[in-house]
Amino acid sequence: MQNTPVSSLVGEEYEVEVGPVAHGGHCIARTEAGRVLFVRHALPGEKVIARVTEGEETSRFLRADAVSVLEASKDRVEAPCPFAGPGKCGGCDWQHAKPGAQRRLKGEVIAEQLMRLAGLTPEEAGWDGTVMPAEGDKLPQGEVPQWRTRVQYTIDAEGHAGLRKHRSHEVEVVDHCMIAAQGVSELGIEKRTWEGMASVEAIAASGSGDRQVILTPKPGGRLPLVELDKPVSVLRVDENDGGVHRVHGRAFVRERADDRTYRVGNGGFWQVHPKAAQTLMLAVMQGLTPRKGETALDLYCGVGLFAGALADRVGDQGAVLGIESGKRAVEDARHNLAAFPRVRIEQGKVESVLPRTGITEVDLIVLDPPRAGAGKQTVNHLAALGARRIAYVACDPAALARDIAYFADRGYKVRTLRAFDLFPMTHHVECVAILEPVKKDA
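Since this is a predicted model, take the numbers as computed values, not measurements.

**Section: the overall build of the chain**
When helices and strands are tallied, the chain shows eight helices and 22 strands. In terms of its C-alpha atoms, the chain occupies a principal-axis envelope of roughly 65 × 65 × 60 Å. When burial is assessed residue by residue, the chain has 51% of its 442 residues classed as buried. A fraction of 63% describes how many contacts in the chain between residues 6 or more apart in sequence connect residues 24 or more apart. Carbon and sulfur atoms make up 48% of the accessible area of the chain, which amounts to about 20600 Å² in all. Charged side chains of the chain number 56 positive and 59 negative; the gap between the two group centres comes to 5 Å.

Below, the structure written as C-alpha cells:
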C-alpha cells in the first residue's frame, strides 16, 4: 500500500486580512477556507498578499511572509534596514513598525500569554500594560538604536559574513547591521573574508573599551590572521570539545553595573543591550527591597550580576547563594564577588544543586532562567522555601506565564510586573515579575 504524497503549499499566495499579533514576531491571519497563517512582515489590521514559506496540505497552520501590502496600517514605516524584509535577514521582526507600535505589539503578546497560560489580566498581574524603552532608545523616525553589543555572524561558502535568514541556515550577506552597537560595527567584520570559518562572534563590552571576536572554524578550517579596524582579543571554539580557547589578548571582557566591574569570560552570558544589566538589576532590587541581614538565592546567576547587588544590600550579616551551570561563568562569578565573604557560588543545574544545599528557608529569591523557564519541579521547590519575595527575570513571556501559574498553585501571586524593550526591532522583550505569598485569611 503506497502512501499518498503530501502536497507542499510553499509559494502559494493568499489575500488575507491580518489579525492580532502572536508570540514569535508574526501576526495571525486566515484564508477564505479558514486555514491559519502566521504572517511575518505584516501588522494587525492590514490587508496583504501572504506567500507561504512553510507548510503542507496537512499542516495545522502555515508560515508566510507578507510580500505585498494592499492596505497599510498607520503604524507601518519603510524598514530602515536594506536587509530586512521577506526572504532576507531573520534577525529583526518589526523593522516595518514604528517604535511605539513595536512596544504596543510586545505588550499585547505579554497580555495574551498572561491570560492564556496564567489566567491573569494585566491589572491582576500588577502591570500597567506598557513596555518601557531603554534609556536613550527614543530616536527620531528612521533612526535605529545601535544596541546589540554581541553579534554572531555566519560565514557563507565564499567566506563572507552575514546573518541567517528566518528559520533557515541560509546566509544573508550584509555590509552593516543597523542594530549592532558602534563598538561592533567599528571592528569591520563585514569588510573582510573569513575562509575556513563557520561563524565569527563580535563582542563590544559596554562597560569598557574591551573588544573580542570568537572564531568557530569549519571542520579542518585553519584560523586566519585576524587584522581588524580596532584592537581586539581573539578566541576560538574547539571543534572537538566545543570549548572556547584564547588565541591572543584577554580571555574576558569587562562590563559595568551597579558601580561594579564584572569579568565575563570566553563569550559568557551578559545582557546584550548596553542598558539592560543596570535596568534589570534596578527593577529587581526595587521589587525585592532587600534588608540588612537577609538571606537570598540567585539562581541561574551567570557571572553574578544579581548576587552582587543582593550582597551589597543584605550586608555583612546577610548571605547570598548563587547557582550556575556554566563552569567559566562560575569562575567569573567567584572572581567578581570575591570581596563578599558571605556570598557562595555553586556550579551545577539548579534542580540538582538546590536540593543538595540543605536550605529549607530563605528571605529572597532571584531567578533568571533560560528561555524555556524554570519549570514545575524547580518552582515547587522554591515555593517551599517561603521567601517573602521572589524576582523572576524572563526573556520569554510564555515561559514566565507558565511558571507564574505554577507559583500560583503553590501559594504565590504576582505583586508587580514590569516590561522593558531591551531588544528593539525584534519580537523579544524582557519582563521582571515580583511574586509574594498570598496572605491567608485569619
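**Examining the sheet that holds strand E9 (residues 171–173)**
In spatial order, the strands read E9-E8-E7-E10-E11-E12-E13; together these seven strands make up an open sheet with mixed pairing. Each of the sheet's edge strands pairs with one partner strand only, and the pair in question is E9 and strand E13 (244–248). Strand-to-strand, the axes of this sheet are offset by a mean angle of 35°, without reference to chain direction.

**Details of the pairing of strand E11 (residues 211–217)**
Here E11 lies mainly inside the structure; six of its seven residues are buried. Linking strand E10 (residues 197–204) back to E11 in an antiparallel pair, the connection comprises six residues. Two strands pair when backbone bridges link them, and E11 and strand E12 (residues 233–237) are joined in this way by four bridges, in the parallel orientation. Bridge pairing in E12 links isoleucine 214 to leucine 235.

About the cut-offs
Residues numbered from 1 in each chain as written. Predicted model: local features only at pLDDT ≥ 70, side-chain atom pairs only at ≥ 80, totals over all residues. Heavy atoms only, no water. Helix = DSSP H or I, 4+ residues; strand = E, 2+ residues; numbered from the N terminus. Buried < 20%, exposed > 50% of the residue type's maximum accessible area, 1.4 Å probe, protein only. Contact = heavy atoms within 4.5 Å. Areas by Shrake-Rupley, 256 points an atom, 1.4 Å probe, with all protein chains shown as cover. Lys, Arg positive; Asp, Glu negative; His and termini not counted. Charge placed at Lys NZ, Arg CZ, Asp CG, Glu CD. Pairing = 2+ DSSP bridges. Axes fitted to C-alpha atoms, helices over the stretch in contact; angles between N-to-C directions.

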